[in-house]
Amino acid sequence: MNYPDLIDDFKQKKRGALARVITLVDNEEDEGIEFLKENYEKRKDSFRIGITGPPGVGKSSLVNHLLERFAKKYENVGVIAIDPSSPFTGGALLGDRLRMQKSYEFENVFIRSIASRGSLGGLSTSTENISQVMESFGMDVILIETVGVGQSELDIMEITDIVIVVLVPESGDSIQAMKAGLMEIGDIFVVNKSDRDGADRAVEFIKSSLSFKKNIKNNETPVIKTSASNEDNIDSLFLAIEDRMKFLNDSDELKMKREQRREREVKDILRDLFIKSIDKLIKNMENVNASPYEKAKKILEKTGFNFTEDLWKKR
Amino acid sequence: MEKKIRVLVAKPGLDGHDRGAKVIAASLTDAGMEVIYTGLHQTPEKIVRTAIEEDVDVIGLSVLSGAHMSIFPKVMELLKKEKKTDILLTGGGIIPAEDMEELQKLGVGRLFGPGTQSKDVAEYIIEWHKNRK
Ligand SMILES: Nc1nc2c(ncn2[C@@H]2O[C@H](COP(=O)(O)OP(=O)(O)OP(=O)(O)O)[C@@H](O)[C@H]2O)c(=O)[nH]1
Ligand SMILES: [Mg+2]
């Protein structure tokens, strides 16, 4: 199918067209980039909700229940489920959808599984781009599931409006170690698998380790225990999300968050383009032994970029 | 960026064994593909909807229940209805040779019988993908 026809179908809200545009964007094909450029201003921000946490804690199972509730309340719901690619084979086993069987009951839900791939810009760039495509399609809400290990949890915070951190009763013991990562990014915490022992203890533990976190408007960060298997307490979680959405909407927070996101996107693109375009210059430096600062200065001069001496001295 | 082959591996029908499907899913992953695994009890409608949303190149179905003569044609029919016949429909199971032939006449790709090496499936898909363009 040629690009103009594809765009026609996209405008008619055909899910096949949405899927294909996502592929173009995910593969960083020219038409994908063109789509992003053309549609950026026209699109309306969706509410983006990140769901993260260690492997196997029940993130997809929770998304399964949440998407039902969102689908009943909102017109269009998108899900992006991200799994890691193997650094060795480049392949990826995308299994989140297996737990999201309720989606088939709703015509207004669209799920896309995405492999993290080895992309230079990292997870955030591709997921950001796919979110933008979904926003152009008219999604009201986008749920983004990603495994919280290492860097990805910071990425998820940057591209979403709300982050839900999912843990399990057994996580209690390792929370201390997680403080730097997961514990800092959550707007809502969930202790899933509360059908098992130790959920209450884990909730207390999380609450006490969150006390360091200064919360806007002194709102306490919700810590909710759920059982996705028994569909237990999912409504409380949904309420907490909606509360948070309302709070963000009513305050300046959301506006600020999104402004920051827009600035960061420009920086990311500049960084990417810059690095790509100077690669050759770096390799062809005359004096190989010159200091990195000296080399950087030479390259900046060559690109004609107007940097101030002040900025230089600060480095 | 290098384009990845995307494959949907599903297990339609009522029987409860998905070991074979899982093995295939894992081996296609090892061969560098992105594999969407949707598990047991998938109806043709669900399979085709997933294939469209995930924009896969290939659908691989594991059919052990003997229902291959209803499932493969039904999926094929839905793919035609959705104008998605560029997707390769392949799979495996206990399928007699004459049934395989009949299914291939409908546009189904190669089908693999019991005892197939999973790397053969990967090779077949990679070969198909190369020749597609
Ligand atoms: N006992 C119990 N098991 C659960 C619960 N929620 C999920 N599980 C099980 O935990 C396993 C993992 O569930 P998923 O929803 O796939 O977890 P996930 O966090 O999405 O996993 P990854 O995406 O692989 O990191 C499955 O076998 C689920 O059936 C729960 O509330 N209680
Ligand atoms: Mg998952």
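Residues numbered from 1 in each chain as written. Chains lettered and ligands numbered in written order. Predicted model: local features only at pLDDT ≥ 70, side-chain atom pairs only at ≥ 80, totals over all residues. Heavy atoms only, no water.

Caption draft 1: Region of the structure containing helix 12 (residues 292-303) of chain A. In this model helix 12 of chain A runs 16 Å from its N-terminal to its C-terminal C-alpha over 12 residues, within 8% of the 16 Å that 1.5 Å per residue would give. Note on helix 12 of chain A: the residue one or two positions beyond its end, G304(A), has a positive phi of about 75°. (Helix = DSSP H or I, 4+ residues; strand = E, 2+ residues; numbered from the N terminus. Expected span 1.5 Å × (residues − 1).)

Caption draft 2: Summary view of unusual backbone geometry. Residue and element names in this part refer to chain A. A positive phi angle, near 55°, is found at E28, a position not held by glycine. Here E28 falls in the partly exposed class, since its relative accessible area comes to 38%. Not every positive phi belongs to a glycine, and N233 is a case in point at roughly 65°. Its place among the elements puts N233 in the loop between strand 8 (223-225) and helix 10 (234-250). (Buried < 20%, exposed > 50% of the residue type's maximum accessible area, 1.4 Å probe, protein only.)

Caption draft 3: Looking closely at the domain arrangement of chain A. Residues and elements named next belong to chain A. The domains assigned to chain A are domain 1 (1-41), domain 2 (43-251) and domain 3 (260-314). Contacts between domain 2 and domain 3 engage 10 residues on the former and five residues on the latter. When domain 2 packs against domain 3, the two sides together hide about 650 Å² of surface, and 28% of this comes from carbon and sulfur. Between R262 and D45 there is a salt bridge; the shortest N-O distance is 2.8 Å. Its residues placed into classes, the side of domain 2 that touches domain 3 shows two nonpolar, two polar and six charged. (Domains from an automatic or database assignment. Contact = heavy atoms within 4.5 Å. Buried area = accessible area lost by both parts, 1.4 Å probe. Salt bridge = Lys/Arg side-chain N within 4 Å of Asp/Glu carboxyl O. Nonpolar A, V, L, I, M, F, W, Y, C, P; charged D, E, K, R; others polar.)

Caption draft 4: Quick peek at a negative patch on the surface. On the surface, D30(A), E31(A), E34(A) and E38(A) cluster together to form a negatively charged patch. On the accessibility criterion, E31(A) (35% relative accessible area) is partly exposed. (Patch = residues over 30% accessible without salt bridge, like charges linked within 9 Å, V, L, I, M, F, W, Y side chains within 5 Å. Areas by Shrake-Rupley, 256 points an atom, 1.4 Å probe, with all protein chains shown as cover. Lys, Arg positive; Asp, Glu negative; His and termini not counted. Charge placed at Lys NZ, Arg CZ, Asp CG, Glu CD.)

Caption draft 5: Region of interest: the coordination of the magnesium ion (ligand 2). Residue and element names in this part refer to chain A. Bound to the magnesium ion (ligand 2) on the protein side are S60 (OG), D96 (OD) and E145 (OE), at distances that span 2.1 to 2.2 Å. Read from N- to C-terminus, the donor residues coordinating the magnesium ion (ligand 2) fall into the pattern S-x35-D-x48-E. Here D96, found in the loop between strand 3 (92-94) and strand 4 (109-115), pairs with E145, found in strand 5 (residues 141-147); they are 49 residues apart in sequence, far enough to count as distant. Each member of the pair, D96 together with E145, is buried. (Donors = N, O, S within 2.8 Å, 3.2 Å for Na, K, Ca; no water.)

Caption draft 6: The pattern of salt bridges, seen in detail. Tallied over the entire structure, the rule returns 41 salt bridges over all chains. Between R117(A) and D26(A) there is a salt bridge; the shortest N-O distance is 3.4 Å. Here R117(A) is found in the loop between strand 4 and helix 5 (122-137), whereas its partner D26(A) is found in helix 2 (residues 15-26), with 91 residues between them in sequence. Of the two residues, R117(A) and D26(A), neither departs from the other in class, the shared state being buried. Overlapping salt bridges bring together R15(A), D26(A), R97(A), E107(A), R112(A), R117(A), R6(B), E34(B), R49(B), E53(B) and E54(B) as one network.

Caption draft 7: Fine view of the interface of chain B and chain A. Facing the 26 residues of chain B at the interface are 31 residues of chain A. Between chain B and chain A, the buried area comes to about 2,500 Å², and carbon and sulfur atoms account for 48% of it. As a salt-bridge pair, E34(B) and R117(A) come within 2.8 Å of each other at their nearest N and O atoms. Summed over the shared surface of chain B and chain A, the number is 22 residue pairs in polar contact (both at pLDDT 80 or more). The set of elements that each furnish at least two residues to the side of chain B that touches chain A consists of helix 1 (19-30), strand 2 (34-42) and helix 2 (44-53) of chain B. With seven residues, strand 2 of chain B is the single largest residue contributor to the side of chain B that touches chain A. In terms of residue class, the side of chain B that touches chain A is built from seven nonpolar, six polar and 13 charged. Relative to strand 2 of chain B, strand 3 of chain A is paired through three bridges, and the arrangement is parallel. Bridging across to strand 2 of chain B, L93(A) finds its partner in V35(B). (Polar contact = N/O pair within 3.5 Å; in protein donor to acceptor, adjacent residues only side chain to side chain. Pairing = 2+ DSSP bridges.)

Caption draft 8: Geometry of the sheet that holds strand 2 of chain B. Taken in spatial order, the six strands of this open sheet run 3(A)-2(B)-1(B)-3(B)-4(B)-5(B), and their pairing is parallel. Of all strands in the sheet, those bounded by a partner on one side alone are strand 3 of chain A together with strand 5 (111-112) of chain B. Alignment of strand 1 (residues 6-12) of chain B against strand 2 of chain B, held across six bridges, turns out to be parallel. Among the inter-strand pairings, A10(B) is bridged to a residue of strand 2 of chain B, identified as G39(B). Taken strand by strand, helix 1 of chain B contacts strand 3 of chain A together with strand 1, strand 2 and strand 3 (58-63) of chain B, and its axis lies near 170° from that of strand 2 of chain B. (Axes fitted to C-alpha atoms, helices over the stretch in contact; angles between N-to-C directions.)

Caption draft 9: Representation of the nonpolar core in the model. Residue and element names in this part refer to chain A. Residues F10, L18, I22, I80, V133, F189 and I206 are the most contacted members of the largest nonpolar core, which totals 41 residues. With seven residues, helix 2 is the largest single contributor of residues to this core. Two domains each donate at least three residues to this core, and these are domain 1 (1-41) and domain 2 (43-251). Apart from the residues lying within four places of it in its own chain, the contact partners of F10 are A17, L18, V21, F35, V133, S136 and F137. Within the second largest apolar cluster, 36 residues are counted, among which are V57, I111, I224 and I241. (Core = buried A, V, L, I, M, F, W, Y, C linked by side-chain atoms within 4.5 Å.)

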